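# Structure at a glance
Spelled out from the first residue to the last, the chains are:
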Amino acid sequence: MMTDIISTASVLLNGPALPTVLAIGGVVYFAGYYYKANKIANKNRKEVQQDITNKTIAVLPHKDYFVACAGSKESNVCKMVSAVDIEACNFCDSEGTPLNLALYECFVVHGESMKYAGVNDGDFVLVAKDFSLDSLRSFPKILVLKYREAENDKPLYKVRRAWYKGTIEDDMGATAQQIMNNPKFRKLTNQEGFKGEEWMLNDLTHKRLDDYKKAYFKDGVCPEMYKQIVISTTFDTVKKEIHFSIHPISSIVGIVKESYSIK
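Rules and cut-offs
Residues numbered from 1 in each chain as written. Predicted model: local features only at pLDDT ≥ 70, side-chain atom pairs only at ≥ 80, totals over all residues. Heavy atoms only, no water. Phe/Tyr/Trp six-rings, centres within 6.5 Å; stacked < 30°, edge-to-face > 60°. Helix = DSSP H or I, 4+ residues; strand = E, 2+ residues; numbered from the N terminus. Buried < 20%, exposed > 50% of the residue type's maximum accessible area, 1.4 Å probe, protein only. 1 Å grid on protein atoms, 1.4 Å probe; cavity = no way out; pocket = protein on both sides within 12 Å on 5 of 7 lines; lining within 4 Å. Points joined across faces, edges and corners; volume = space filled by probe spheres on them. Nonpolar A, V, L, I, M, F, W, Y, C, P; charged D, E, K, R; others polar. Core = buried A, V, L, I, M, F, W, Y, C linked by side-chain atoms within 4.5 Å. Contact = heavy atoms within 4.5 Å.

Tallied over the full model, the rule gives 9 aromatic pairs. Each ring, one from Trp163 and one from Phe185, has its centre 5.4 Å from the other, and the planes form 75°; the classification is edge-to-face. Pair noted here: Trp163 is in strand β6 (residues 157–167) and Phe185 is in helix α5 (residues 183–186), with a separation of 22 residues, a long-range link. Accessibility expressed as a relative area gives 5% for Trp163, which makes it buried. On the basis of an interplanar angle of 40° and a centroid distance of 4.6 Å, the ring pair of Tyr212 and Tyr216 is categorised as tilted.

For the rest of this paragraph, the subject is empty space enclosed by the protein. Any empty space left between the atoms is revealed when a probe the size of a water molecule rolls over them. Scanning the entire structure with this criterion turns up 1 cavity of 30 Å³ or more. Quantified by volume, the largest cavity comes out at close to 60 Å³. Lining the largest cavity are Ser113, Met114, Tyr116, Ala117, Arg161, Leu188, Thr233, Thr234, Phe235 and Ile242. Looking at the lining of the largest cavity residue by residue, the class counts come to 6 nonpolar, 3 polar and 1 charged.

Estimates place the volume of the largest pocket at around 830 Å³. In this structure, the largest pocket is lined by 33 residues; those nearest its centre are Tyr147, Lys158, Arg160, Arg208 and Ser245. Mapped by element, the contributors of at least two residues to the lining of the largest pocket are β6, α6 (197–216), β7 (228–236) and β8 (241–248). A per-element tally of the lining of the largest pocket places α6 first, with 6 residues. The residue inventory of the lining of the largest pocket, partitioned by class, reads 9 nonpolar, 10 polar and 14 charged. Of the pockets and cavities examined, the second largest pocket occupies roughly 230 Å³. If you trace the second largest pocket, you find it lined by Ser94, Ala117, Val119, Pro140, Lys141, Ile142, Arg161, Ile255, Val256, Lys257, Glu258 and Ser259. Residue assignment for the lining of the second largest pocket shows that the elements contributing at least two residues are β5 (141–146) and β9 (252–260).

In this section: the nonpolar core. Formed by 22 residues in total, the largest nonpolar core has its most connected members in Ile168, Phe185, Ile231, Phe244 and Ile246. The set of elements that each furnish at least two residues to this core consists of β6, α4 (172–180), α6, β7 and β8. A per-element tally of this core places α6 first, with 5 residues. The contacts of Phe185, once residues within four sequence positions are left out, are Trp163, Ile179, Met180, Phe194, Met200, Thr233 and Phe244. Among the nonpolar cores identified, the runner-up in size contains 14 residues, and Tyr65, Phe124, Leu126 and Tyr260 belong to it.

Below, the structure written as structure tokens:
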């Protein structure tokens with residue numbers, strides 16, 4: 001029996017069947033290689049999907065969007081940018097429900113000052129077109145606001161995280177303490193740029209309040225249209241500090257419903 005096996009093997013290795021044996025061996029080898037490669041791809045599924053998305057986006061139609069600055073209006077930032085037409089994409093909310101994009105205004109974020117709120121440079125942010133102040137009841141909320149003064153071909157909008165709605169006549173010291181007592185605000189105290197509660201309180205009650213008065217008060221009096229305010233935080237990426245800002249209610253465009261990152 002053993003002699004027959006050896007004889008058969010000799011024929012296969014030295015005869016015309018040798019190419020067939022090599023071919024079968026090659027198939028087995030490459031099948032194993034493909035299996036290993038596929039396992040690696042599965043382990044990096046998110047990266048693979050992102051790569052596919054990037055290649056797909058390259059052929060999708062584009063359109064112009066308004067820029068919303070997350071940080072200062074830099075000299076090289078334009079009012080509008082071209083990006084993939086979101087209506088050619090299938091966006092869903094956090095619960096997986098498809099969004100009717102006709103109900104939203106879309107902005108493209110420039111800057112990293114909202115990174116602690118999960119909004120990054122280049123993100124799409126969607127704001128419902130039917131915004132009303134009644135919907136601004138709980139905090140924090142990420143808002144898109146209008147800049148007070150529009151500059152030629154410079155961004156008209158900014159993104160901030162709001163923590164409070166009230167009036168400019170409110171006790172700013174007590175308001176600052178109320179905001180900092182919010183459990184969600186406590187997460188900011190562990191981030192780069194947080195200079196302490198006392199610094200935040202003094203910054204709001206002096207610098208930010210003075211800035212607001214210089215911008216909106218007339219002869220030391222606040223006009224009625226600027227009395228209602230929201231107070232927000234932002235991370236200054238140049239000075240590396242988290243600070244408060246005060247904005248008139250009238251500057252609010254809307255609440256950010258969803259944000260999406262497309263690399």
